[in-house]
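These are the residues of each chain, in order.
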Amino acid sequence: MEKNIFDLSGRVALITAGGHGLGRAYCEAMAEFGADVACADINKKFADETVDDIKRFGHRAIAIEADVSKPDQIERMVNQTVSGFGTIDILFNNAGWCHSIEKRLHELVIEDWDACININLKGTFLCMRAVLPVMLKQKRGSIISTASVAGLMAGCWEWSAPNIYAYGASKAGIIALTRHAAVAYAKDGIRINAIAPGTHDTKSTFIPREVAEPYLQRFAKFTPMGRVAEPNEIKGLAIWLASDASSYVTGQTFVQDGGFIA
Ligand SMILES: NC(=O)c1ccc[n+]([C@@H]2O[C@H](COP(=O)([O-])OP(=O)(O)OC[C@H]3O[C@@H](n4cnc5c(N)ncnc54)[C@H](O)[C@@H]3O)[C@@H](O)[C@H]2O)c1
């Protein structure tokens, strides 16, 4: 029987910030399509909850505590995954954070700027740097990073999210890093792509609900589809990019935003 091109059986997926929101959806999608999953998160309780949930799919899953902005923790996360499952075939660089959107650029403190760049952009670099040697050894791998439409466009109070300078810059950086790395590793059998989500209602851990609520309503109003997305709607793109179904696709960023920036 021919293999289903979306089948991930026998593959190992490592997902950062897999404990909540889009990361949890990525973990579920990988497990549902047959992969063993290493779910890493700065919050171990969140990672444990994801792992308990995805065990219903019948594959191996482990929870790892790791802050993507800390090189030693990234090395430990990769070693733990490889010693548990033997290799890494799929890496989701998903961890992201944003500073308060109340401050304009001239009011932004350096600590906010640094934290955002360190988690979002440096974290993506650190995870790629740690995982690429594993993928090079087996001459196979798929790396998928979570960028954002904020890396492709700016918004204003009336219809979008303002004051996300470091966040937008970090996500644009992820898109550029994706392109450059994809070209460099294309002949090594390693594909590198990014997903740029529009608004997905993840009940985000870093934006207070009362702050998020008016934005969600505004985004829904200005999105051609007339709504924001559920986190689970990210699964299709994730499975396609992780699997052999996208075997000739690399260096690209895929927007999923209900037509917001069309
Ligand atoms: N939700 C959206 O609408 C949306 C849109 C565009 C891009 N994104 C991006 O998607 C990714 C996930 O966002 P979400 O909405 O699912 O977030 P979320 O708030 O639902 O979950 C974030 C998770 O990241 C973990 N985390 C935070 N800092 C970390 C760190 N330093 N190291 C490891 N884990 C860390 C948290 O513990 C939590 O489990 C982020 O990169 C975000 O920028 C989200």
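That block above? That's the structure.
Rules used in this analysis
- The residue count restarts for each chain, going from 1 along the sequence in the order it is written.
- Residue-level local features of this predicted model are given only where pLDDT is at least 70; pairs of side-chain atoms are given and counted only at 80 or more, and the full residue set underlies all totals for whole chains, interfaces and linings.
- Only hydrogens and water are set aside; all other atoms, that is, all heavy atoms of the structure, feed into the side-chain values.
- One bridge is not enough; two strands pair if DSSP finds at least two bridges between them.
- To qualify as a helix, a DSSP run of H or I must reach at least 4 residues; to qualify as a strand, a run of E must reach at least 2; elements of each kind are numbered from the N terminus.
- When the strands point away from the viewer and the path from the first strand over the helix to the second turns clockwise, the crossover is right-handed.
- Helix span is expected to be 1.5 Å times the residue number reduced by one.
- Partly exposed residues are those whose accessible area sits between 20% and 50% of the maximum for their type, while under 20% is buried and over 50% is exposed, using a 1.4 Å probe and protein chains only.
- The directions from the helix axis to the C-beta atoms form the arc being described.
- Just to be clear on terms, a salt bridge is a Lys or Arg side-chain nitrogen sitting within 4 Å of an Asp or Glu carboxyl oxygen.
- Each axis is a line fitted through C-alpha atoms, taken for helices only over the stretch in contact, and angles between the N-to-C directions span 0 to 180 degrees.
- Here is the rule for angles: anything less than 35 degrees is roughly parallel, anything more than 145 is roughly antiparallel, 65 through 115 is roughly perpendicular, and the remaining ranges are oblique.
- Helix crossings are classified by the rotation of the near helix relative to the far one: an anticlockwise turn of less than a right angle makes the crossing left-handed, while a clockwise turn makes it right-handed.
- We call two residues contacting when some pair of their heavy atoms lies within 4.5 Å.
- Nearness is judged by heavy atoms alone; a residue qualifies as near a molecule or strand once a single heavy atom is within 4 Å of it.
- Any N or O atom pair separated by 3.5 Å or less is treated as a polar contact, with the protein-specific requirement of one donor-capable and one acceptor-capable atom, and with residues adjacent in sequence counted only for side-chain atom pairs.
- Residue burial considers only the protein chains on display, and all accessible areas are found by Shrake-Rupley using a 1.4 Å probe.
- Following the grouping adopted for this structure description, the nonpolar residues are Ala, Val, Leu, Ile, Met, Phe, Trp, Tyr, Cys and Pro, the charged ones are Asp, Glu, Lys and Arg, and the polar ones are all others, Gly among them.

In this section: the pairing of strand β3 (residues 61-65). When strand β2 (residues 36-41) meets β3, the two strands line up parallel, connected through five bridges. Of the residues in β3, the one forming a bridge with C39 is A63. Considered for its hand, the β-α-β crossover made up of β2, helix α2 (residues 44-54) and β3 is right-handed.

Bringing helix α6 (residues 209-222) into the picture now. Along its 14 residues, α6 runs 20 Å from first to last C-alpha, staying within 8% of the 20 Å computed at 1.5 Å per residue. For α6, every residue scored as buried is listed here: A212, Y215, L216, F219 and A220. For α6, the angular spread of buried residues about the axis comes to 135 degrees, placing them on one side. Residues of α6 that are exposed and point over 90 degrees away from its buried face: E210, Q217 and K221.

Enumeration according to the criterion identifies 16 salt bridges in this entry. Between K70 and D67 there is a salt bridge, with its nearest N and O atoms 3.2 Å apart. Judged by relative accessible area, K70 falls into the partly exposed class, the value being 36%. Using a relative accessible area of 12% as the deciding quantity, one classes D67 as buried. Measuring nitrogen to oxygen at the nearest pair gives 2.6 Å for the salt bridge that ties D89 to R140.

This part takes up the packing of helix α1 (residues 21-32) against α2. As a packed pair, α1 and α2 sit with axes 10 Å apart at the nearest point and diverge in direction by 30 degrees. It follows that α1 is roughly parallel to α2 by the angle criterion. Pair α1 / α2 crosses with right-handed handedness. Packed against α1, whose contacting residues are R24, C27, E28 and A31, the element α2 presents F46, E49, T50, D53 and I54 at the interface.

Quick look at the site of the ligand now. As a structural note, the neighbourhood of the ligand is formed by 29 residues, with H20, D41, Y167, T202 and T205 the closest of them. Between the ligand and the protein, one listed contact pairs a nitrogen atom with a backbone N or O atom of V68 at 3.1 Å. Contact with the protein chains covers 93% of the free accessible surface of the ligand, which is 840 Å². For the shell around the ligand, the secondary-structure elements that each account for two or more residues are α1 and α5 (165-185). Among the residues forming the shell around the ligand, the class breakdown is twelve nonpolar, 14 polar and three charged.

In this section: the sheet that holds β3. Spatially, seven strands are ordered β3-β2-β1-β4-β5-β6-β7 in an open sheet, and the strand pairing comes out parallel. Pairing within the sheet leaves two strands with one partner each, and these edge strands are β3 and β7 (253-256). Sheet twist, expressed as the average angle between the axes of neighbouring strands with direction ignored, equals 15 degrees. Sheet analysis places strand β4 (residues 90-93) next to strand β5 (residues 141-146), joined by four bridges and oriented parallel. Each residue of the ladder has a partner; that of L91, found in β5, is I143. Along the sheet face, α5 touches β5, β6 (190-197) and β7 and points at about 160 degrees away from the line of β6. Along the sheet face, helix α7 (residues 235-242) touches β4, β5, β6 and β7 and points at about 170 degrees away from the line of β6.

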